[in-house]
Amino acid sequence: GKSFIKDALKCMAHGLRHKFSCISRKCLAIKEMVFQLQRECYMKHNLCSAAKDNVNVMVEMIHFQDLFPKG
């Protein structure tokens, strides 16, 4: 679980660095880019497997309402 979080956060930070300069500075465009980046990074680092293998740890570490924002 901890390695998933570390790897997914690195993935999102790397993606933000590379994609931010290529999009509009409008809030909606940034929000959509971040949502897409989250989906890509969670899938790339196998969120479902990490959650299944570490249910108790994941629940303690993550506030799921923050992990899966509306949209």
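As shown above, the structure is provided for reference.
Residues numbered from 1 in each chain as written. Predicted model: local features only at pLDDT ≥ 70, side-chain atom pairs only at ≥ 80, totals over all residues. Heavy atoms only, no water.

Peer 1: Describe helix H2 (residues 27-44), and please don't skip the residues or the numbers.
Peer 2: An ideal rise of 1.5 Å per residue puts 26 Å on 18 residues; H2 measures up with 26 Å between its terminal C-alpha atoms. For H2, the full list of buried residues reads Met33, Phe35, Leu37, Gln38, Cys41 and Tyr42. Asparagine 46, located one to two residues past H2, shows a positive phi value of around 60°. (Helix = DSSP H or I, 4+ residues; strand = E, 2+ residues; numbered from the N terminus. Expected span 1.5 Å × (residues − 1). Buried < 20%, exposed > 50% of the residue type's maximum accessible area, 1.4 Å probe, protein only.)

Peer 1: So, helix H1 (residues 2-19): which residues are in play, and what are the values?
Peer 2: Between its terminal C-alpha atoms H1 stretches 25 Å, which fits the 26 Å expected from 18 residues at 1.5 Å a residue. Listing the buried residues of H1 in full gives Phe4, Ile5, Ala8, Cys11, Met12 and Gly15. Around the axis of H1, the buried residues are gathered within 130° of arc, so they sit on the same side. Across from the buried face of H1, at angles greater than 90 degrees, the exposed residues are Lys2, Leu9, Lys10 and Arg17. Looking at the buried residues of H1, the elements they touch are H2, helix H3 (47-53) and helix H4 (55-61). (Arc of directions from axis to C-beta. Contact = heavy atoms within 4.5 Å.)

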